[in-house]
Amino acid sequence: MTPQEFDGIAQILKKESGLILTRDKAYLLESRLVPVARQRGLSGLDELVRQVVTGKDAKLTFDVVEAMTTNETFFFRDTKPFDQYRDVVMPKMLQSRAAKKSLRIWCAAASTGQEPYSLVIVLNEMKAKWAGWKIEIVGTDLSLEVLEKAKAGIYSQFEVQRGLPITLLVKYFTQVGENWVFDPAMRAMVNYRQFNLLSPMTALGQFDIVFCRNVLIYFDQETKGKVLDNISRQMPTDGLLFLGGAETVIGVTSAFSPVDGQRGLYRQSGVAKPGAPVPGAAPPRPAVPPR
Ligand SMILES: C[S@@+](CC[C@H](N)C(=O)[O-])C[C@H]1O[C@@H](n2cnc3c(N)ncnc32)[C@H](O)[C@@H]1O
């Protein structure tokens, strides 16, 4: 691959997904895109890259972007955010929204479902507190492949062993062969849809609580700032945002401020700038490329 071709594919990834591909991560192209090349009957990575940089095949571009996403996730990842959600955020929301009895939660990089399903489990464990409420959880991701797995709710022994206490495993999952299937009624609490964080967010509606964890780390500062500003506009003034352990709003946006004593949790500062497009982002596509 020539340096121009590397730059071309890095530019496409940034424009389509926000992902920043630096030269020291070039090995990822090999490991993740060779299978895409094979599927397409191409001779290898070089031929695939040459075709992608022409920009003529939208489905190929999508497959390449999707293959380059990092989908690492597990149940109750980092533990603390789920304790904060149960002990700090939900009690606050149940009090402040007691009159309308409805709540919307957005899991903005849901991957294969472990994060939204951890939220569902926490909610179910405290269900007496929200009896009569309407709570909607929306799980979104750029990748269709991970969303298919999330919707199916089927996990391997290895996946359920990562972060899920055994008591919750036997309570919420059924073993089928070598896999574990998440309770269908619990699964139905999450509405999944494909969504690119670089796209306009207005159509998603307003969310009281947003989990946007471990995805901004792949973006540059400017994109992080725009995405956070856009998320802020989808939240009421008392909305609360969770970011991943390696992510922060400090030096990125003034729309959110850290909640004192609650690492990883952010509140609205009330100073989001008027809507602005994410830098270099592709215009929103009307339809998902067919699989
Ligand atoms: C590392 S996973 C994080 C999953 C989960 N939030 C967690 O913390 O365990 C990052 C996810 O972000 C998704 N992603 C990457 N770029 C995206 C974008 N521009 N819009 C929406 N999702 C994106 C990837 O497909 C991937 O599933």
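Rules and cut-offs
- Residues numbered from 1 in each chain as written.
- Predicted model: local features only at pLDDT ≥ 70, side-chain atom pairs only at ≥ 80, totals over all residues.
- Heavy atoms only, no water.
- Helix = DSSP H or I, 4+ residues; strand = E, 2+ residues; numbered from the N terminus.
- Axes fitted to C-alpha atoms, helices over the stretch in contact; angles between N-to-C directions.
- Parallel < 35°, antiparallel > 145°, perpendicular 65-115°, else oblique.
- Left-handed = near helix turned anticlockwise from the far one by under 90°.
- Contact = heavy atoms within 4.5 Å.
- Nonpolar A, V, L, I, M, F, W, Y, C, P; charged D, E, K, R; others polar.
- pLDDT = per-residue confidence, 0-100.
- 1 Å grid on protein atoms, 1.4 Å probe; cavity = no way out; pocket = protein on both sides within 12 Å on 5 of 7 lines; lining within 4 Å.
- Points joined across faces, edges and corners; volume = space filled by probe spheres on them.
- Near = heavy atom within 4 Å.
- Polar contact = N/O pair within 3.5 Å; in protein donor to acceptor, adjacent residues only side chain to side chain.
- Areas by Shrake-Rupley, 256 points an atom, 1.4 Å probe, with all protein chains shown as cover.
- Sits in = over half its atoms within 2 Å of the grid points.
- Salt bridge = Lys/Arg side-chain N within 4 Å of Asp/Glu carboxyl O.
- Buried < 20%, exposed > 50% of the residue type's maximum accessible area, 1.4 Å probe, protein only.

(A) Broad picture of unusual backbone geometry. Phi at Phe-76 is positive, roughly 50°, even though this residue is not glycine. Following the sequence through the fold, Phe-76 ends up in the loop between α4 (58–68) and α5 (80–96). One non-glycine residue, Lys-101, adopts positive backbone phi at about 50°. Relative to the elements of secondary structure, Lys-101 occurs in the loop between α5 and β1 (102–107).

(B) Focus on the packing of helix α3 (residues 45–53) against α4. Where α3 contacts α4, the axes come no closer than 9 Å and their chain directions differ by 120°. Taken as axis vectors, α3 and α4 run oblique relative to one another. For the crossing formed where α3 meets α4, the hand is left-handed. Facing α3, whose interface residues are Leu-48, Gln-51 and Val-52, α4 presents Leu-60, Thr-61 and Val-64. Taken together, the residues of the contact of α3 with α4 break down into four nonpolar, two polar and no charged.

(C) Representation of the confidence of the model for the chain within the structure. Mean pLDDT over the chain: 93, with 93% of residues reaching 70 or higher. Here residues 286–291 is a poorly scored stretch, pLDDT under 50, and it has twelve contacts once near neighbours within four places are set aside; other chains count.

(D) The arrangement of the layout of surface pockets in detail. Considering only enclosed or pocket space, the second largest pocket measures out at about 430 Å³ in volume. Along the wall of the second largest pocket there are 25 residues; nearest its centre are Thr-70, Ala-109, Asn-214, Val-215 and Tyr-218.

(E) Expanded view of the site of the ligand. As a structural note, the neighbourhood of the ligand is formed by 21 residues, with Ser-17, Thr-73, Ala-109, Asp-141 and Asn-214 the closest of them. In the environment of the ligand, a nitrogen atom lies 2.8 Å from a nitrogen or oxygen atom belonging to the backbone of Ser-17. With respect to the ligand, the side chain of Asn-71 contributes an N or O atom lying 3.1 Å from an oxygen atom. Coverage of the ligand by the protein amounts to 98% of the 610 Å² it exposes when considered alone. In this structure, the ligand is accommodated by the second largest pocket. For the shell around the ligand, a count of residues per class yields seven nonpolar, nine polar and five charged.

(F) The environment of Trp-130, seen in detail. When you line up the elements, Trp-130 lands in the loop between α6 (114–125) and β2 (134–141). Along the backbone, Trp-130 and Gln-114 are 16 residues apart, and their C-alpha atoms lie at a distance of 22 Å. Contact partners of Trp-130, with chain neighbours within four places excluded, come to Leu-94, Leu-123, Ile-135 and Met-189.

(G) Structural view of the side chain of Thr-73. Within the fold, Thr-73 resides in the loop between α4 and α5. If near-sequence neighbours (up to four positions away) are discounted, Thr-73 is found in contact with Ser-111, Thr-112, Gln-114, Glu-115 and Arg-162.

(H) Local environment of the side chain of Glu-66. Structurally, Glu-66 is set in helix α4. A polar side-chain atom of Glu-66 sits 2.8 Å from the main-chain amide nitrogen of Leu-144. Only 2.9 Å separates the side chain of Glu-66 from the backbone nitrogen of Glu-145, close enough to count as a polar contact.

(I) Broad picture of the pattern of salt bridges. For the structure on display, the rule yields 15 salt bridges. Arg-213 is the partner of Asp-78 in a salt bridge, and the nearest nitrogen-oxygen pair spans 2.9 Å. You can see Asp-78 sitting in the loop between α4 and α5 and its partner Arg-213 sitting in the loop between β7 (209–212) and α11 (221–233), a full 135 residues away along the chain. Under the relative-accessibility criterion, Asp-78 is labelled partly exposed at 42%. Across the salt bridge formed by Glu-125 and Lys-171, the nearest N and O atoms sit 2.7 Å from each other. One end of the pair, Glu-125, is in helix α6; the other, Lys-171, is in helix α9 (residues 166–172), and 46 residues separate them in sequence. Each of Arg-40, Asp-57, Lys-59 and Asp-63 takes part in a single network of salt bridges with overlapping partners.

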